[in-house]
Amino acid sequence: MRRKIVAGNWKMNGSRGLVENLVGYVRSELPSLDNGVEAVIIPPALYIGDVTSLAGAQIAVGVQNVARWDSGAYTGEVSAAMARDCGCRYALVGHSERRQLFAETDAVVAEKVTQLLSQGVVAIVCVGETLAEREAGQAEEVVATQVRKGLGNVSGSEWQKIVVAYEPVWAIGTGKTATSSDAQAMHQSIRSVLSDMGAPAEAISLLYGGSVKADNAAALFAEPDIDGGLIGGASLVATDFMSICQAMPAGPER
Ligand code: PEP
């Protein structure tokens with residue numbers, strides 16, 4: 001059985017005012033949903049304390065990045081232990097912006113996953129192909145390699161702390177979304193790679209990300225292997241984020 005998750009990645013956006021308005025709104029509206037969705041808010045690290053103090057038990061909090069080291073002389077970095085200490089249940093790893101702008105390779109992703117697992121923080125590991133890779137017919141292989149390498153050190157019960165987010169790079173922040181059937185096909189392929197790796201693939205939540213909006217979320221979430229979404233732009237608008245949470249089909253788990 002898999003958790004159904006809608007996670008909002010604020011990226012480098014937001015303010016204390018947004019935290020107050022958006023978290024307050026989601027907190028007041030979420031109890032009216034009966035679809036078992038877990039809402040996760042992933043603000044810039046400086047706002048994690050503000051979000052956790054407003055969020056209440058029903059909203060989970062995540063961090064957008066952690067260091068690949070335990071602690072020490074790494075100015076500007078935030079550790080997995082700090083994420084846990086400050087109440088983060090989730091952390092993003094390997095977002096395409098981190099891969100493209102901060103040289104986050106699959107090897108670095110694997111190190112960060114190890115850090116998070118050592119602290120019991122759930123790693124949302126982002127994978128996805130570029131447009132050129134898709135057009136060259138390499139999408140499935142590129143994504144499979146990212147999954148195999150990024151999660152190469154995970155074993156046994158650690159899989160319970162892994163979520164994979166498929167985010168085609170060409171769909172992030174562009175307004176272009178994968179069709180729900182293309183997204184489903186990639187999710188099915190990821191699940192089969194996980195199974196080949198010895199993971200309990202049917203128990204691992206797989207999220208889709210890339211221009212998910214209130215009007216396309218329901219079609220994506222209706223697919224059998226899409227267990228939720230990682231939402232960028234639309235997660236900054238309280239009513240849009242709630243509508244996406246609402247788009248999840250009913251039932252406690254998958
Ligand atoms: C993201 O940042 O992970 C993302 C999917 O962004 P957007 O929804 O804006 O495409």
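Nothing here was measured: the structure is a model prediction, and the numbers come from that model.

Engineer: Can you break down the packing of aromatic side chains residue by residue, with the values?
Structural biologist: One pass over the full model with this rule turns up 2 aromatic pairs. Arranged with centres 4.1 Å apart and planes meeting at 0°, the rings of Trp 69 and Tyr 74 form a pair that is stacked. Given the relative accessible area of 28%, Trp 69 is considered partly exposed. The ring of Phe 102 carries Arg 98 above its face, with NZ or CZ at 4.0 Å from the centroid.

Engineer: Tell me about the pattern of salt bridges, residues and numbers included.
Structural biologist: Within this structure, the stated rule accounts for 14 salt bridges. With its nearest N and O atoms 2.6 Å apart, the salt bridge here joins Asp 225 to Arg 191. Pair noted here: Asp 225 is in the loop between α9 (217-221) and β8 (228-231) and Arg 191 is in helix α8 (residues 180-196), with a separation of 34 residues, a long-range link. There is no split in this pair, since Asp 225 and Arg 191 are both buried.

Engineer: Pulling in residues and values, what's your account of the site of the ligand?
Structural biologist: Not every one of the 14 residues close to the ligand is listed here, only the nearest: Lys 11, Glu 167, Gly 173, Ser 211 and Gly 232. Here an oxygen atom of the ligand and a side-chain polar atom of Lys 11 are 2.7 Å apart. Within the contact set of the ligand, an oxygen atom lies 2.6 Å away from a backbone nitrogen or oxygen of Gly 173. For the ligand, the cavity whose grid points lie within 2 Å of the majority of its atoms is the second largest pocket. The residue makeup of the shell around the ligand, split by class, is 4 nonpolar, 8 polar and 2 charged.

Engineer: I'd love a proper account of the sheet that holds strand β2 (residues 37-42), names of residues and values included.
Structural biologist: Sheet architecture is closed into a barrel: 8 strands sit in the order β1-β2-β3-β4-β5-β6-β7-β8, paired in parallel fashion. Here the strands of the sheet are splayed against their neighbours by 25° on average, with no regard to which way each runs. Helix-sheet contacts for helix α2 (residues 48-55) involve β2 and β3 (59-63), and the interaxial angle to β3 is about 170°. In this fold α8 packs onto β5 (122-127), β6 (162-166) and β7 (206-209), with an angle of close to 145° to the strand it touches most, β7.

Engineer: Residue-level account of helix α7 (residues 139-150), with values.
Structural biologist: Taking 1.5 Å per residue, 12 residues should reach 16 Å; α7 reaches 16 Å between its end C-alpha atoms and fits that length. Those residues of α7 not exposed but buried are Ala 139, Val 142, Val 143, Ala 144, Gln 146, Val 147 and Gly 150. For α7, the secondary structure elements touched by its buried residues are α4 (96-101), α5 (106-119), β5, α6 (131-135), β6 and α8.

Engineer: If you had to explain the environment of Gly 36 to someone new, which residues and values would you point to?
Structural biologist: In this structure, Gly 36 sits in the loop between α1 (16-29) and β2. Along the sequence, Gly 36 and Gly 137 sit 101 residues apart, while their C-alpha atoms lie 36 Å from each other.

Engineer: I'd like a rundown of α1, residues and numbers included.
Structural biologist: With 14 residues, α1 should reach 20 Å at 1.5 Å per residue; the first-to-last C-alpha distance of 20 Å fits that figure. Within the span of α1, buried status applies to Leu 18, Val 19, Leu 22, Val 23 and Val 26. In a view along the axis of α1, the buried residues occupy a sector of 100°, so they form one face of it. In α1, the exposed positions that point more than 90 degrees away from the buried face belong to Arg 16, Glu 20 and Asn 21. Where α1 is buried, its residues touch β2, α2, β3 and α10 (238-246).

Engineer: If you had to explain the layout of surface pockets to someone new, which residues and values would you point to?
Structural biologist: Considered as a void within the structure, the largest pocket measures approximately 530 Å³ in volume. Around the largest pocket, the lining is made up of 20 residues, and of these Met 12, Gln 64, Asn 65, Arg 98 and Phe 102 lie nearest the centre. Of the residues forming the lining of the largest pocket, the biggest block, 3 residues, is contributed by α4. Tallied by class, residues from the lining of the largest pocket come to 11 nonpolar, 5 polar and 4 charged. Computed from the structure, the second largest pocket encloses a volume of approximately 160 Å³. Classifying every residue of the lining of the second largest pocket by side-chain character gives 5 nonpolar, 9 polar and 3 charged.

Engineer: Describe the packing of α1 against α10, with residues and values.
Structural biologist: Interaxial distance between α1 and α10 falls to 9 Å at its minimum, and their mutual angle equals 35°. The hand of the α1/α10 crossing is right-handed. Contacts from Leu 22, Tyr 25, Val 26 and Glu 29 of α1 reach α10 at Ala 238, Thr 239, Phe 241 and Met 242. Within the contact of α1 with α10, the residues separate by chemical class into 6 nonpolar, 1 polar and 1 charged.

What counts and what doesn't
- Residues numbered from 1 in each chain as written.
- Predicted model: local features only at pLDDT ≥ 70, side-chain atom pairs only at ≥ 80, totals over all residues.
- Heavy atoms only, no water.
- Phe/Tyr/Trp six-rings, centres within 6.5 Å; stacked < 30°, edge-to-face > 60°.
- Buried < 20%, exposed > 50% of the residue type's maximum accessible area, 1.4 Å probe, protein only.
- Lys NZ or Arg CZ within 6 Å of the ring centre and 35° of its normal.
- Salt bridge = Lys/Arg side-chain N within 4 Å of Asp/Glu carboxyl O.
- Helix = DSSP H or I, 4+ residues; strand = E, 2+ residues; numbered from the N terminus.
- Near = heavy atom within 4 Å.
- Polar contact = N/O pair within 3.5 Å; in protein donor to acceptor, adjacent residues only side chain to side chain.
- 1 Å grid on protein atoms, 1.4 Å probe; cavity = no way out; pocket = protein on both sides within 12 Å on 5 of 7 lines; lining within 4 Å.
- Sits in = over half its atoms within 2 Å of the grid points.
- Nonpolar A, V, L, I, M, F, W, Y, C, P; charged D, E, K, R; others polar.
- Pairing = 2+ DSSP bridges.
- Axes fitted to C-alpha atoms, helices over the stretch in contact; angles between N-to-C directions.
- Contact = heavy atoms within 4.5 Å.
- Expected span 1.5 Å × (residues − 1).
- Arc of directions from axis to C-beta.
- Points joined across faces, edges and corners; volume = space filled by probe spheres on them.
- Left-handed = near helix turned anticlockwise from the far one by under 90°.

These figures come from the coordinates and say nothing about function on their own.
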